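Results of the structural survey
This is what each chain is made of:
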Amino acid sequence: MENDYPPHGLAPGVKKLEEWIQLGCGDKPYNCPEKEATFAPDGVSPAELPDLSQHNNFMAEFLREHKDVYAKLKDRKTPNGVTLAQCIKTGMDNKGHPHIKTVGLTAGDEESYEVFKELFDPIIDARHGGYGPEAKQPTDLDLSKVSTTDMDPDGKYVETTRVRTGRSLRGFKLPPTIGFEERRRLEALCVKGLANMGADLKGDYFPLHGSHSYSAKPNGMSEEKEKELRAMGNLFQEPDSTLLLASGMGRHWPDGRGVFHNDSKNLFVWVGEEDHLRIVSMQRDKDMKETFGRFVRACEEVQKVLKTEGSDFMHNDHLGWILTCPSNLGTGLRAGTMVNLPLMSARSDWKDALKKMRLQARGTAGVDSASSGGKWDISNADRIGKSEVELVNMVIDGVAQLIKWEKLLEAGKTDDVDKAIAAM
């Protein structure tokens, strides 16, 4: 029955969800009075800028002070038909949290960053703490330049290493505005590129359970496969936040989306989530160089196929790799390692030390979660303005230093650590 599946209906799995989620998983833009998410459901920017006095995000903050920019951009469209209203809807529908400042802006296609540059440029600058419209983003994936520092000579502190980023395919709209058939063409091209990989990268593609878009697996992955990937933390599920639903990323769920992994299960690629591709290389040891190398090779192999098909990854000299959310521009890369630092992380200057090293710490359950027994996911804080190799090296050398300090604290040499951090 066509009413039981997108684009004309909702998939059976979606119908089991709460109504406010269902409203973002069909064919229409999100329009949910219950969540006060009702801005421009027709995609047309209203003549007057709505009241933003209660909003806390980068987009609202800028437009409150620059109403003239809204007036200038409200009637513009990209060549693909993307409007200003579609780009700012997530920030209009979500007022934000007093202590958590979101971007409030997504790109509907590659051209959004140029057509609406009077809005995107200052928000990119503010979100990344200084990255002007003339700035150039270096790109460097040269494995020979990766630091040879051994992060953990004793092999007792680092548990895992991981490198992840997103990639977008030129010639397709981005997930907030992509159409049903267009998403299927995107999935087919992505899978063609992924299926071309050989040797240690060879693997298989598993569409989300209930997706009918991939003929080789017409009902998507099995429930058993779904449970396996979920247990590994490598499955993405329907959007359950109004930030994602209002942006348009949940439309036609679960069609045209899935997960690829290699046979060794140390390379995972999400297709059709918040970005066209999200590529994750990981392993259960301290070898960040090997983890990064696998990630680079996967990107290169997929890109070869794209070029033969007349496409490529979205990239330019100013923004680097172009992704849906401005927060991920530049490299979009997060190189992280799960590391045990119970004494170091108990110090009052822990966060200050990380900040000086351009690192960030997440708890074992991800963003804003707490640590478990002094175990932290340490990663690069920057995404833009530095190259991939620079960011990976900052993590390798930074974690090596943190482990040296942890060992000094274990030996009771607190004064040495105090002096080293004070001198940074």
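Residues numbered from 1 in each chain as written. Predicted model: local features only at pLDDT ≥ 70, side-chain atom pairs only at ≥ 80, totals over all residues. Heavy atoms only, no water.

Section: the pattern of salt bridges
- In this structure the tally under the stated criterion is 30 salt bridges.
- Among the salt bridges present, the one from Glu309 reaches Lys192, with a minimum N-O distance of 2.6 Å. Separated by 117 residues along the polypeptide, Glu309 in the loop between α11 (288–308) and β6 (315–316) and Lys192 in helix α8 (residues 180–195) bring together distant segments of the chain.
- For Lys192, a relative accessible area of 45% puts it in the partly exposed group.
- Note that Asp263 and Lys202 form a salt bridge whose closest N and O atoms lie 2.9 Å from each other. (Salt bridge = Lys/Arg side-chain N within 4 Å of Asp/Glu carboxyl O. Helix = DSSP H or I, 4+ residues; strand = E, 2+ residues; numbered from the N terminus. Buried < 20%, exposed > 50% of the residue type's maximum accessible area, 1.4 Å probe, protein only.)

Some thoughts on the pairing of strand β4 (residues 267–271)
- Among the 5 residues that make up β4, 5 are buried, leaving the element largely enclosed by the rest of the structure.
- The two faces of β4 match: Leu267, Val269 and Val271 on one face and Phe268 and Trp270 on the other face are all buried.
- For strand β3 (residues 258–262) and β4, the ladder comprises 4 bridges, and the chain directions are antiparallel. Bridging across to β4, His261 finds its partner in Phe268.
- Taking the residues between adjacent antiparallel strands as the criterion, β3 and β4 are bridged by 4 residues, where Lys265 takes a positive phi near 55 degrees. (Pairing = 2+ DSSP bridges.)

Quick word on the nonpolar core
- In terms of nonpolar packing, the biggest core is built from 58 residues, with Leu169, Leu277, Phe292, Met344, Ile378 and Leu402 touching the most fellow members.
- No other element matches the 11 residues that helix α13 (residues 388–410) contributes to this core.
- Phe62, Ile88, Leu174 and Ile384 belong to the second largest nonpolar core, which has 35 residues in total. (Core = buried A, V, L, I, M, F, W, Y, C linked by side-chain atoms within 4.5 Å.)

Considering the packing of aromatic side chains
- Counted under the stated rule, the structure contains 7 aromatic pairs.
- Ring geometry for Phe236 versus Trp253: centroids 6.0 Å apart, planes at 85 degrees, classification edge-to-face. With Phe236 in the loop between α9 (223–232) and α10 (242–247) and Trp253 in the loop between α10 and β3, the pair connects residues that are 17 residues apart, well separated along the chain. Take Phe236 and Trp253: they sit in the same class, and that class is buried. (Phe/Tyr/Trp six-rings, centres within 6.5 Å; stacked < 30°, edge-to-face > 60°.)

Some remarks on the environment of Val305
- Along the polypeptide, Val305 turns up in helix α11.
- C-alpha of Val305 to C-alpha of Cys190: the two residues are 115 residues apart in sequence and 9.0 Å apart in space.
- Those residues in contact with Val305, other than ones at most four positions away along the chain, are Lys192, Gly193 and Asn196. (Contact = heavy atoms within 4.5 Å.)

Here's the deal with the sheet that holds β4
- As summarised here, the arrangement of the 8 strands in space is β2-β3-β4-β5-β1-β8-β10-β9, forming an open sheet in which the pairing is antiparallel. Bordering the open sheet on either side are β2 (203–207) and β9 (359–362), each of which pairs with just one other strand. On average, each strand axis in the sheet is inclined to that of its neighbour by 20 degrees, with strand direction left out of account.
- By the bridge criterion, 5 bridges tie strand β8 (residues 334–340) to strand β10 (residues 375–380) in an arrangement that is antiparallel. Looking at β10, one finds that Met338 is bridged to Asp377.
- Together, β2, β3, β4 and β5 (277–283) form the strand contacts of α8, whose direction differs from that of β4 by roughly 165 degrees. (Axes fitted to C-alpha atoms, helices over the stretch in contact; angles between N-to-C directions.)

Considering the environment of Gly24
- Tracing the chain through its elements places Gly24 in the loop between α2 (19–22) and α3 (58–65).
- Expressed as a C-alpha distance, the spacing of Gly24 and Val14, which sit 10 residues apart in the sequence, is 9.9 Å.
- Leave out the neighbours within four places in its chain, and Gly24 touches Tyr30, Leu245, Gly250 and Arg251.

Quick notes on the environment of Glu110
- Considering the arrangement of structural elements, one finds Glu110 in the loop between α5 (84–93) and α6 (112–115).
- What makes Glu110 buried here is its relative accessible area of 15%.
- Remark: the alpha-carbon pair of Glu110 and Leu174, spanning 64 residues in sequence, is separated by 7.4 Å.
- Look past the residues within four positions of Glu110 in its chain and what remains in contact with it is Arg170, Leu174, Met314, His315 and Ile322.
- A polar contact of 2.6 Å, which involves the side chain of Glu110, links it to the side chain of Arg170. (Polar contact = N/O pair within 3.5 Å; in protein donor to acceptor, adjacent residues only side chain to side chain.)

A few points about the side chain of Glu187
- With respect to the helices and strands, Glu187 occurs in helix α8.
- Buried within the structure, Glu187 lacks any salt-bridge partner; Arg184 is the closest side chain of opposite charge, at an N-O distance of 6.0 Å.
- Within the structure, Glu187 has its side chain in polar contact with the side chain of Ser213 (distance 2.7 Å). (Lys, Arg positive; Asp, Glu negative; His and termini not counted.)

Some points on α13
- For α13, which comprises 23 residues, the first-to-last C-alpha distance of 33 Å matches the rise-based estimate of 33 Å (1.5 Å per residue) to within 8%.
- Positive backbone phi, at 80 degrees, marks Gly412, one or two positions downstream of α13. (Expected span 1.5 Å × (residues − 1).)

Looking at the side chain of Arg294
- Along the chain, Arg294 turns up in helix α11.
- At 2.5 Å, the side chain of Arg294 forms a polar contact with the side chain of Gln283.
- Excluding its chain neighbours within four sequence positions, the residues that come into contact with Arg294 are Asp200, Leu201, Asn262, Asn266, Leu267, Ser281, Met282 and Gln283.

Thoughts on unusual backbone geometry
- Note that the residue after Pro6, namely Pro7, is joined by a cis bond; omega there is 5 degrees.
- As for its position among the elements, Pro7 is in the segment before α1 (12–15).
- Residue Pro254 is bonded to the preceding Trp253 through a cis peptide linkage, with omega at 0 degrees.
- Assignment of secondary structure puts Pro254 in the loop between α10 and β3.
- Of note in this structure, Arg358 is not a glycine but carries a positive phi near 60 degrees.
- Of note, Arg358 is situated in the loop between α12 (350–356) and β9.

Concerning the packing of α3 against helix α7 (residues 117–127)
- Put simply, α3 and α7 touch, their axes get as near as 10 Å, and they point 120 degrees apart. By the angle between their axes, α3 is oblique relative to α7. α7 is crossed by α3, and the crossing has right-handed handedness. Contacts from Phe58, Met59, Phe62 and Leu63 of α3 reach α7 at Glu118, Leu119, Pro122, Ile123, Ala126 and Arg127. (Parallel < 35°, antiparallel > 145°, perpendicular 65-115°, else oblique. Left-handed = near helix turned anticlockwise from the far one by under 90°.)

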